[in-house]
Amino acid sequence: MQFDPNQLRALAAILRLGSFEAAAAELAVTQSAISQRIRALEERVGAALIERGVPCTGTRAGLRIAKHADSLATWFVDAMAQVEDVLFDLVIDDQDHSADWLRRGAVSAAICSGTKAAPGCDAVPLGHLRYLATASPAFANRWFDKGVSAATLSVAPCMTFNRKDDLQQKWIEQVIGKRVTPPSHFLPSTQAFVDAACAGLGWGMNPESLARQPIRDGRLVTVLAYQPLDVALSWQVSRVMAPALAPLTRAVKQAAQVGLIRAG
């Protein structure tokens, strides 16, 4: 069965933003057009796809998977490639908030931080995604020439993925034991994080696997080489969908063994 891409974009926007109005604004169409696209899509699949409410949430009629951008950029695609005859519809969100999609029933599985299972789900520990605080050599020399401290971190521009991203704050607290509020650029792209760090725009937490080559090339340096930030990840699956997603679960576990690090 083939679907109208405009209808699929409307569905994805509603589930991501929580309302028909917000989806219409993002897609630059009227709210009526969004409603018509969803109605046509629901008629085509023969099932309701949206739970109308505040916010709007998804039904279980369609398979949806939520995961965070850094996993997609580093290791999750390998898991996807191992599973045949499955079409993926990925929702990108911060790993600390992926469980919210599961609680709302908007997705069937998610990559989440920590190992505590969301209600109605099973959680499989996967390992840790290692992040390094990185910056260009010139940026590090300018802003951290006197060392990494509360004083220097409070003025050195950092980069933030989106308003939910607190990786930089977690690293700051890990290093100096308290919160500071540095000036920040907002860059909702994993690759843009690496590119912006190389360009000297700011410092940020980049996955080690993505930062490794720029560090070798001399385009990036670690702000504190002995202070990585390891984020525990788990694969959480709705128990209702677990049998159908068993092949994907096996593939995710196998890919995580290669792409993530073990605790300890």
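Scroll up to find the structure.
The following paragraphs examine the structure supplied in this document. A quick note: this is a predicted structure, and the numbers were derived from the prediction, not measured.

Here we take up the pattern of salt bridges. Within this structure, the stated rule accounts for 6 salt bridges. The closest approach of N and O atoms between Lys170 and Asp166, which form a salt bridge, is 3.8 Å.

Attention shifts here to the packing of aromatic side chains. Tallied over the entire structure, the rule returns 5 aromatic pairs. An angle of 40° between the planes, with centres 6.1 Å apart, marks the rings of Phe76 and Trp235 as tilted. Of the two residues, Phe76 is situated in helix α4 (residues 69-81) and Trp235 in strand β11 (residues 229-238); the sequence distance between them amounts to 159 residues. Three or more aromatic residues joined by ring pairs make a cluster, and in this case those are Trp75, Phe76 and Trp235.

With that settled, the discussion passes to helix α2 (residues 20-27). Here α2 has its buried residues at Phe20, Ala23 and Ala24. Around the axis of α2, the buried residues are gathered within 100° of arc, so they sit on the same side. Opposite the buried face of α2, by more than 90 degrees, sit the exposed residues Glu21 and Ala25. Where α2 is buried, its residues touch α1 (5-17), α3 (31-45) and β1 (50-51). Capping of α2 at its N-terminal end is provided by Ser19; its side-chain oxygen lies 2.9 Å from the backbone amide nitrogen of Ala22. Positioned one or two residues after α2, Ala28 has a phi angle of 60°, which is positive.

Next up on the list: the packing of α1 against α2. At a minimum axis distance of 8 Å, the contact between α1 and α2 shows a crossing angle of 125°. The angle between α1 and α2 places the two elements in the oblique class. In terms of crossing hand, the pair formed by α1 and α2 is right-handed. Contacts between α1 and α2 pair Arg9, Ala10, Ala13, Ile14, Arg16 and Leu17 from the former with Phe20, Ala22, Ala23, Glu26 and Leu27 from the latter.

The rules behind each value
Residue numbering note: each chain is counted from 1, following its sequence as written. pLDDT decides what is reported in this predicted model: residues at 70 or higher carry local features, side-chain atom pairs at 80 or more are listed and counted, and totals for whole chains, interfaces and linings draw on all residues regardless. Side-chain descriptors were evaluated using all non-hydrogen atoms of the structure, hydrogens and water having been removed beforehand. Salt bridge, as used here, is a side-chain nitrogen of Lys or Arg placed within 4 Å of a carboxyl oxygen of Asp or Glu. Side-chain rings of Phe, Tyr and Trp, where Trp is taken by its six-membered ring, are said to pair if the distance between their centres is within 6.5 Å; with planes under 30 degrees apart they count as stacked, over 60 as edge-to-face, and otherwise as tilted. A helix here means a DSSP run of H or I that spans at least four residues, while a strand means a run of E at least two residues long, and both kinds are numbered starting from the N terminus. Residue burial is assigned from relative accessible area. The probe radius is 1.4 Å, only protein chains are included, and a residue is buried under 20% of its type maximum, exposed over 50%, and partly exposed in between. By construction, the arc corresponds to the directions joining the helix axis to the C-beta atoms. Residues count as neighbours in contact if any of their non-hydrogen atoms are within 4.5 Å of one another. Counting of polar contacts relies on pairs of N or O atoms within 3.5 Å, with two restrictions inside protein: one atom must be capable of donating a hydrogen and the other of accepting it, and residues adjacent in sequence are counted only when both atoms are side-chain atoms. Axis lines are fitted to C-alpha atoms, over the contacting stretch for helices. Their N-to-C directions set the angle, which ranges from 0 to 180 degrees. Note on angle classes: values under 35 degrees are labelled roughly parallel, values over 145 roughly antiparallel, values of 65 to 115 roughly perpendicular, and the remainder oblique. If you view the pair so one helix is near and one far, a crossing is left-handed when the near helix is turned anticlockwise from the far one by less than a right angle, and right-handed when it is turned clockwise.

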